Structure formats: structure tokens, C-alpha cells
Amino acid sequence: MPDLIPLLSQILNGLLAGSYYLMIALGLSMIFSLGGIVNLAHGAFYAIGAYLAVTLAERIGFGGALVASPLIVALIGMVVERYLLRRFYNADPILGLLLTFGLAMVTEQTLRILYGAAPIPFSIPQELRGQVFLGDFVYSRYRLITLGITAVAVLGLWILLTKTAFGKVVRAGVQNPDMVGALGISLKPYMTAVVMIGVGLAALAGVLIAPIAGVHPAMGQEIITFAFVVVVIGGLGSFWGVVAAAAIVGMTRGVAAHFYPAATEASVYLLMVLVLLTRPRGLFGERIQKFE
Amino acid sequence: MPLDKSLSRRTLIKASAGAAALGTLGAPAISYAQADAIKIGHITPRTGFLGPLGEYAAQAAQLAAEEINAAGGIMGRRLELILDDSPNPQQASAKAERLVQRDKIVALLGEISSASALAIAQVVQREKVLFINTGANSDALRGSDCQRFMFHIEAQNSMYVKAVGRSLIRDGLVSGKKWYSLTADYAFGHDLLNVAKRYMAANGGNHAGDDLIPTDLADFSPFLLKIRQARPDVVCLNLAGTQITNFLKQYAEFGLTFPVAGFGFDTALAWGAGRGNFGGTWPVVWHHLIDTPGSKAFVAGFQRKWNRMPENQAWGDYCSMKVVAQAIAETKSTDGMKIVEHFEKGAKFDLLKTREGYFRAKDHQMMMEMYAITALPAAQIRNQYDIYTSSPPVPAANESLEVIAATDDENKCTFRA
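Thresholds applied
The numbers attached to residues start from 1 for each chain and follow its sequence in the written order. Starting at A for chains and at 1 for ligands, labels are handed out in the order in which the entities are written. Two thresholds apply to this predicted model, a pLDDT of at least 70 for residue-level local features and 80 or more for giving and counting side-chain atom pairs, whereas whole-chain, interface and lining totals are computed over all residues. Here the side-chain values reflect all heavy atoms present in the structure, with hydrogen atoms and water set aside. Strands here mean DSSP runs of E at least two residues long; helices mean DSSP runs of H or I at least four residues long; both are numbered from the N terminus. Throughout, radius of gyration means the C-alpha value; the globule benchmark is 2.2 Å times the number of residues raised to the power 0.38. In this scheme, a residue with accessible area under 20% of its type's maximum is buried, one over 50% is exposed, and one in between is partly exposed, where area comes from a 1.4 Å probe on protein chains only. Only heavy atoms enter the contact rule, under which two residues are in contact if any of them lie within 4.5 Å. Summed over both partners, the accessible area (1.4 Å probe) lost when two parts come together is defined as the buried area. Here, a salt bridge means any Lys or Arg side-chain nitrogen found within 4 Å of an Asp or Glu carboxyl oxygen. Definition of a polar contact: a pair of N or O atoms within 3.5 Å, with one able to donate and the other able to accept a hydrogen when the atoms are protein atoms, and with sequence-neighbouring residues admitted only if both atoms are side-chain atoms. Residues are grouped as follows: Ala, Val, Leu, Ile, Met, Phe, Trp, Tyr, Cys and Pro are nonpolar; Asp, Glu, Lys and Arg are charged; all remaining types, including Gly, are polar. Centres within 6.5 Å make a pair out of two Phe, Tyr or Trp rings, where for Trp the six-membered ring is used; the pair is then stacked when the planes are under 30 degrees apart, edge-to-face when over 60, and tilted otherwise. Lysine and arginine charges are scored as sitting over a ring when NZ or CZ, respectively, is within 6 Å of the ring centre and within 35 degrees of the ring normal. Here the term cavity refers to a set of points on a 1 Å grid, laid over the protein atoms alone, in which a 1.4 Å probe fits but cannot get out; the term pocket refers to an open set having protein on both sides within 12 Å along at least five of seven lines, with lining residues being those that place an atom within 4 Å of a point. Grid points are joined across faces, edges and corners, and a volume is the space filled by probe spheres set on the points. The predictor's confidence in any single residue is recorded as pLDDT, a number from 0 to 100. The criterion for a disulfide is a pair of cysteine sulfur atoms lying within 2.5 Å.

**Q** Just to check I follow, could you spell out the overall build of chain B for this structure?
**A** Along its length, chain B carries 12 helices and 16 strands. For 417 residues, the compact-globule estimate of 2.2 N^0.38 gives 22 Å, and chain B sits close to it at 22 Å. Its C-alpha atoms put chain B at 80 × 65 × 45 Å along the principal axes. Sorting the 417 residues of chain B into buried and exposed places 62% on the buried side. Considering only contacts in chain B between residues 6 or more positions apart, those separated by 24 or more positions represent 71%.

**Q** Mind showing me how you'd approach the interface of chain B and chain A here?
**A** For an interface, size is often stated in terms of accessible area lost upon the parts coming together. With 62 residues of chain B in contact, the opposing surface of chain A contributes 69 residues. Contact between chain B and chain A buries roughly 5,400 Å² in total, counting both sides, with carbon and sulfur atoms accounting for 59%. Across the chain B-chain A interface, the total number found is 3 salt bridges. Of the charged contacts, one joins A:Arg253 and B:Asp219 as a salt bridge, the two residues approaching to 3.6 Å between their closest N and O atoms. Applying the counting criterion to the chain B and chain A interface returns 18 residue pairs in polar contact (both at pLDDT 80 or more). When residues in the side of chain B that touches chain A are grouped by element, the largest group, 10 residues, is from helix H1 (residues 9-21) of chain B. Taken together, the residues of the side of chain B that touches chain A sort by class into 27 nonpolar, 20 polar and 15 charged.

**Q** Could you clarify how one ought to interpret the packing of aromatic side chains in this entry?
**A** Given two aromatic rings, their pairing is described by the distance between the two centres and the angle made by the two planes. Across all of its chains, the model carries 27 aromatic pairs over all chains by this definition. Considering the side-chain rings of A:Phe239 and A:Trp240, the 5.1 Å spacing of their centres and the 80° angle between planes classify their relative orientation as edge-to-face. Overall, A:Phe239 belongs to the buried group, its relative accessible area being 14%. The exposure class of A:Trp240 is partly exposed, given its relative accessible area of 44%. When the ring of B:Trp271 is compared with that of B:Tyr385, the centres are 4.8 Å apart and the planes differ by 75°; the resulting orientation is edge-to-face. One end of the pair, B:Trp271, is in helix H9 (residues 267-271); the other, B:Tyr385, is in the loop between strand E15 (371-375) and strand E16 (388-390), and 114 residues separate them in sequence. Both residues of the pair, B:Trp271 and B:Tyr385, count as buried. Feature note: the residues B:Tyr56, B:Trp286, B:Phe298, B:Phe302 and B:Tyr318 constitute an aromatic cluster, connected by ring pairs. Against the face of A:Tyr83 rests A:Arg82, its NZ or CZ located 5.2 Å from the ring centre. One Lys or Arg, B:Arg308, reaches over the ring of B:Tyr56 and ends 3.8 Å from the middle of that ring.

**Q** Can you walk me through the pattern of salt bridges in this structure?
**A** Should the charged atoms of two oppositely charged side chains come close, the side chains can pair. A complete count under the given rule lists 24 salt bridges over all chains for this structure. Between B:Asp84 and B:Lys95 there is a salt bridge, with the nearest N and O atoms lying 3.1 Å from each other. Here B:Asp84, found in strand E3 (residues 79-85), pairs with B:Lys95, found in helix H3 (residues 89-101); they are 11 residues apart in sequence, far enough to count as distant. For the pair formed by B:Asp84 and B:Lys95, the shared burial category is buried. Overlapping salt bridges, with partners in common, bring together A:Arg143, A:Arg253, A:Glu265, B:Asp219 and B:Glu253 in one network.

**Q** Sorry, what's going on with empty space enclosed by the protein here?
**A** Gaps left between atoms show up when a probe the size of a water molecule is rolled over them. Counted according to the given criterion, the structure contains 5 cavities of 30 Å³ or more. In this structure, the largest cavity spans a volume of roughly 250 Å³. The wall of the largest cavity is formed by 19 residues, among which A:Tyr21, A:Ile209, A:Ile223, B:Ala218 and B:Asp219 lie closest to the centre. Going through the elements one at a time, helix H2 (19-35) and helix H9 (219-234) of chain A are the ones with two or more residues in the lining of the largest cavity. No other element matches the 4 residues that H9(A) contributes to the lining of the largest cavity. Considered class by class, the residues forming the lining of the largest cavity number 11 nonpolar, 2 polar and 6 charged. Roughly 140 Å³ of internal volume is contained in the second largest cavity. Grouping the constituent residues of the lining of the second largest cavity by class yields 10 nonpolar, 4 polar and 2 charged.

**Q** Help me out: how do you make sense of unusual backbone geometry in this one?
**A** Trans peptide bonds make up most of the peptide bonds, and negative phi angles are found at most residues other than glycine. All names here are of chain B. A cis amide bond, omega 0°, links Val394 with the succeeding residue Pro395. For Pro395, the location among the structural elements is in the segment after E16. The residue Met75 is not glycine, and still its phi comes out positive at about 50°. The phi angle at Lys332 is positive, at roughly 50°, despite the residue not being glycine.

**Q** Quick question: what am I supposed to make of the confidence of the model for chain A here?
**A** Predicted coordinates in regions of low pLDDT should not be interpreted in detail. In the predicted model, chain A carries a mean pLDDT of 91, and the fraction of residues at 70 or more is 98%. Per-residue pLDDT, averaged within each element of chain A, yields its smallest value for strand E2 (residues 137-140) of chain A (84) and its largest for helix H3 (residues 42-83) of chain A (96).

**Q** So what exactly am I meant to see when it comes to the state of the cysteines here?
**A** What makes a disulfide is a covalent bond joining the sulfur atoms belonging to two cysteines. All names here are of chain B. This structure, assessed with the given rule, holds 1 disulfide over all chains. Cys146 shares a disulfide with Cys413; S-S distance 2.2 Å. Residues Cys146 and Cys413 are joined by a disulfide whose S-S torsion is about 85°; by sign, that bridge is right-handed. One end of the pair, Cys146, is in the loop between strand E5 (130-133) and strand E6 (150-152); the other, Cys413, is in the segment after E16, with 267 residues separating them in the sequence. The exposure classification of Cys146 matches that of Cys413, with both residues buried.

Right, here's the structure in full:
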């Protein structure tokens, strides 16, 4: 069965590549589920994370940037939530859309003014370079490391949302914000925390991707559409739905690259259409009262 | 307080479309009004995967205009540059029309996307305004789609392929060898793939396969796996824009060692890949290490004004601005047809290289020297810009400049009246 090996390696590679969308999609999903804000600026935070990584790595090394960049972006997220997003939680959703659309554009142009439109040079640190062989399948050592970091981040988020008091309030707030309010709990600080975690994860993804893809001002909008597709396919409110969708999207790309390369990106949208036709709430989407 | 009724999960789906729209908005035209000035329009992509190159193009056009005005303008009149951007062919066409009809420009320069250049060509032909294409490579623009009012300072795909092809033949990578290609999935890439196939077949190369790459693709890993399985003797790239940066970084990341060659290239994309990631042999119309007084002055001027190194796209827009200014002065006219005829008579222009260039009358392609650059080993790289060595000019000093251009059999242009 030698013909199957190339296809299998594409599927395996796709599964691994899906993790890039995952960290961005999880934050998007959380912010939408709790606040009802469709954060079109999520890709902008991812791009800021990558640019900060380039700037910080010169001074504190890649490891330092990996920690510092998401923290700084989370602080930016806090300011954005406090002074901008907060005004739009109960407003017509189109306003939140316009606000974050504008934020995305302002951020992209600011990066262009500060750093120029050309990609800025950044490489994998020497000690993380190399390849791993699994029979005929070759994989980059760096990508395995990023996969490990993603897994830890995702697992940590899951524990936070399901095993802690914080997570209980957030999940209750998603399903029934009025009842949470009636119990005397203000969702405001939780929303701030959710935005900080969401954009911090996006920045972490930005740092991890900076060494292997071009660091340029439009990198945010390159990834944001895919992240949306992952959320839509996975279904709102479902943590593991988003995880599964990221893996399925990655595999679909791999299969398309094998059989019909020109449709590598288009295949993902086709998948989304098929999922929406058969399961309008997404694969594992929950019925969330306020969105019905 | 309950959330607004209109908020639903459908909002999210609609928002996905909004996210896709993020990349499609253009910027407004920037113009600096001047009474009795000679107006020249400049249009080029400023966003998307060609955006990084468009920035060099616009900066170079501004530098050239500034130099021309500092030297007294054109026939004593100031040159007024109107900059605009072209995110896609529809907008390129609409904006070209607006520049001509509303701003009354006497010439239009720019463009990088072959698809947009094709759209602009139809506008300038209808409006009888000169257009110099500074960055679109498709042979079809100089062949089946050629127009009398469109000239090309950017080299055509045939010139790129033949310029780098000489280096590949010298290195024994063509005859009897297996080549695998990745091709940008739009007008430019398709055209380049055809030209490359013709050249490689004529010189005894065997095509092992081609993958069409979507222009917005950032993760090349599926294709790196395919290349590895195909085990080619050389990987040839018909990519464009940030695709090249992403490919270079990930090719190094996956540790593939098949020799790499490109049939189209922009230096900024290799600079953006980072140390130790640039490899292979690539063709360029110009590069910053060319040892002529003109190139040295251009490099110094660009660095002074923009605080960074100019690359080949900057060269095209800088030189075409100078070419138009010179042609207006020589013909003492801003009439589009007069300038077209002047070019067609074989007027010579300094292109900052060793030999002067001229537009070939039969297809309006600039005849000029090109170069093949080869990546330096990582240990020999001293700074972020000097990362390659260059071949001598192609064609060589004793050859006609036309030997690398497409022949009539390969690409024929018939101008319609």
C-alpha cells in the first residue's frame, strides 16, 4: 500500500497544523459566547503578538518573548475590553462588529507605519531547529514543540473553565447571564478576564508562528477567517467542538493538498458549507438560549 | 438585561464573511495639488500578499518625483505625483479610470499583479494614456493581451526564466534532471508555469509535477511533504509576494536539501525570511549590489529618504518615473501618442545598469540586462541585506539584449489600432 503513505502523512500533518487555528479559535469562541462580541480584531492581537516576539527576542530571547508577549497583549486586551468592548455587550451586534473591524484595520496600519509592509526577518532559534523522522514521515522539531505548548495551553484553559469557580461563573454566564446577575454576581470582571485570556492565547499563537511564517502587517487577517470557520464548524459553546473542528479543518486541507492542491484553502469553506447544511449549530454546538 | 434579539449564532457566520472582507478594502488616493503641474499617476497593491512590494514601489516613485522636481521639474513645470492603490483588478480598473478622467494624469505608472495590469491596460488603451507596467511579469501582457499604450519596464516571464535558466544549465540542473514546481494560482503563476515548462522541456528537463498554490496560503507543510516524496533534482518556484517568504522559512524548517531555484523573485521577500532561511538561485531585474554609479546613487538616495535598502521593485518604479520625465522632455509633449511613438522609435534610457535599455517596438518590452543571484552560505552573511552573490549581467556584454526576451514563436503581440 505505498500509495496510501503520502495521503496518511498529509492527514497526520493536517492534524498537527490544525493546532495553529485552535488557539485563535478558542479565544474567539469564548469572547463571542460570553460577551456576544464578534471580535474581528482577534487576528490583530495575533499579529501584535508576533511583532512583539520579534522585538522582544532580541533582548530577552525567544523563551522570554514566549512568556512576555502574550502577557503584554493580555494587558492591551484589558484596556480594549474596559474602554471599548464593554460599551457594546448589550448593543446591536453590528456595532461591536464595526468597532472590532475598525480596530483590526487601525492595528494593521499602525504595524505598517511602525515596521513597514515588508515581512521582517525572524527565524527559529538555532537550538530548536531540526527534524523528526517517523518512518517516511518527516516533521519539524520546532512544530512538535509548538504542538506541545498548544496542548498545555488548551488543557490549562479546559481545567480553568470546568474545574474552577471562575469557570463555573463563566459557563453560567454564557447560558444565562440574567440568572447570574440575579444571584448577585457581576459578569464584568469575568468578561475582562475572558478577553485577556482570549487575546493572550492569540498572541501566544502569534509568537509560535512568527519563526515559520512571514511576519507582516496583514498576517492577522490571513488567519482570522480560518479561525472563524473553525468556530462555526465546531459549534458555539462547545470547547471540544472547537478542538475537533481545528483538527478536521487541518485534515481537510491536507487531503485537498494531496488530491487537488489549488483547492487547499477553498476546501475548508466547502467543509463549512456542508457542516452548516447538515448541522446548523455546528458539529457540537450547544443550544444557547440568548443566541436562538 | 437580555441581549438584543437580533444577536444570534447566525451573526457569527455572517461575521466570517466580514473577516474575509478585512483584506479587500483599499485606501483613498493621496494627491498634492499643484497648479499647472504635470500630473503622473501611480497605482499599485498596498495590501495583501503583494503589499510589501507595493510599499517599495510607492516609495521609489516618490523619491524619483522629488529628485525630478529638485532638478527643476520637467520643462520647467513641476511634476505632481498622485498615489493610489489597487487591491484587486476591479479596483485597479476603476481607480485608473478615475485618475485619468478626474485627475487628468498624462501617464500612469505601477502595478505588480498581472491580473490588475490587464484590467488597467484596457482603460489606458480606451483613454489613450501612457501606462508603464513596473511589476507585472506575465508574457500574455506582452503577447495576446498587448496594448499600444502599455509599456513594460518590468521584465517578462520569459526573460526571468532564461536569465536564471543559464545558471541552472551551468550547474547541471536541467538536462535529464527531474524538476518539481510550485505555482502561484493566478494569472502570473499560470503564465510563468507555461514559460518555464517550455524552457525546461527545450533543454531536456523532465517535469516531475506541479502544485498550484492559493495566494493566501501561509502553511506550506503539505507541499513540502509532497516535494520530499517526489525526490526531485531541483525545486522550481513560480510563487509571488509573501508566498516566497513563507516557503523559504518552511523549506529550511523541514530541512529539505533539494536545490531550489525560482523563476520569479523579489529581494525583499528573501530579506524578510531571516538569517539561514534563504537558499537557491533566483532571477532579478536589479539588485542593490550592482556596481554602477547610477545604482550606487539610487541606493544612497533611497536609504537617505526611507531609511532602508531599496529592492528590485523599487528600481522599476524609480526608473519608469525617470523614463517618462525624460520622454516628455525629449518630445516636448505630454501627448500620450507622441510619447508612445518616441518609445517605439527606440529611445534609449539609463536603467542604472552597465548598458542602456530601450522598449522593443514590437511588444513594448524593455530590453535590458538581468541578473541571477545565488544565496550565500549562512557563515558568509555579514548583514541582513548582503545575503547573495550575483551573476554578471545576462545577456553578456557581447550579446544582443534581445536574446533572453520571448521570440515571436513563443509570444506574439499584434497591436490593434
